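# Overview (structure and organization)
So the chains spell out like this:
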Amino acid sequence: MEPNADTKSHVLYTFHDHPRFICATCSAVLALQDELISKSFSGREGRGYLMHSAVNVKLGKREDRPLLTGVHTVADVFCVGCNDRIGWYYHKAADQSQKYKEGKYLLEREKLVKENNWNLDD
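Being a predicted model, the structure only gives us computed values, none of them experimental.

### A word on the nonpolar core
Membership of the largest hydrophobic core comes to 17 residues, with the highest contact counts inside it found for Leu30, Met51, Val57, Cys79, Ile86, Tyr105 and Leu107. Sorting the residues of this core by element identifies strand E1 (20-23), strand E2 (29-32), strand E4 (46-51), strand E6 (70-79), strand E7 (85-93) and strand E8 (105-108) as the ones contributing at least two each. If sequence neighbours within four positions are ignored, Val57 has contacts with Leu30, Val77, Phe78, Val80, Ile86 and Tyr105. Grouped together as the second largest cluster of nonpolar side chains are six residues, Phe41, Leu50, Trp88 and Tyr90 included.

Printed below as a string of structure tokens:
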């Protein structure tokens, strides 16, 4: 089942005063910048970020997908604020050298905005 307006959820986490990545479409917080593992990944639409965790997301259907590094069991990840597909979640990697990705998120760079939350009043 594809997410649609009927399956939209409410944004739960905001993490005020923390550097974070937000959805480029609806500004929902998707991950803390501290959760970034690597910027050297490829998504469907360009560069991607490998993340330890993500918030305000929901998972699509689990499927085996051929990726650049082999076949992985993944599920698309959708923003709960706007239902945009923002990347995928690695459930399982077939190749032993790719096991480190299991349980991690690949978030598409083009779907994110980096928010630093600098305080310029000091």
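### Some points on the environment of Ile22
Within the secondary structure, Ile22 sits in strand E1. Linking Ile22 and Leu32, residues 10 residues apart in sequence, is a C-alpha distance of 8.8 Å. With sequence-adjacent residues up to four places away left out, Ile22 is seen in contact with Ser27, Ala28, Val29, Leu30, Lys111, Leu112, Val113 and Glu115.

### A word on the pairing of strand E3 (residues 36-43)
Put simply, side chains in a regular strand alternate between the two faces of the sheet. Note that E3 and E4 share five bridges and pair antiparallel. Across the sheet, Gly43 pairs through a bridge with Gly46, a residue of E4. Counting the residues between successive antiparallel strands, the hairpin from E3 to E4 contains two residues.

What counts as what
Residues numbered from 1 in each chain as written. Predicted model: local features only at pLDDT ≥ 70, side-chain atom pairs only at ≥ 80, totals over all residues. Heavy atoms only, no water. Core = buried A, V, L, I, M, F, W, Y, C linked by side-chain atoms within 4.5 Å. Buried < 20%, exposed > 50% of the residue type's maximum accessible area, 1.4 Å probe, protein only. Helix = DSSP H or I, 4+ residues; strand = E, 2+ residues; numbered from the N terminus. Contact = heavy atoms within 4.5 Å. Pairing = 2+ DSSP bridges.

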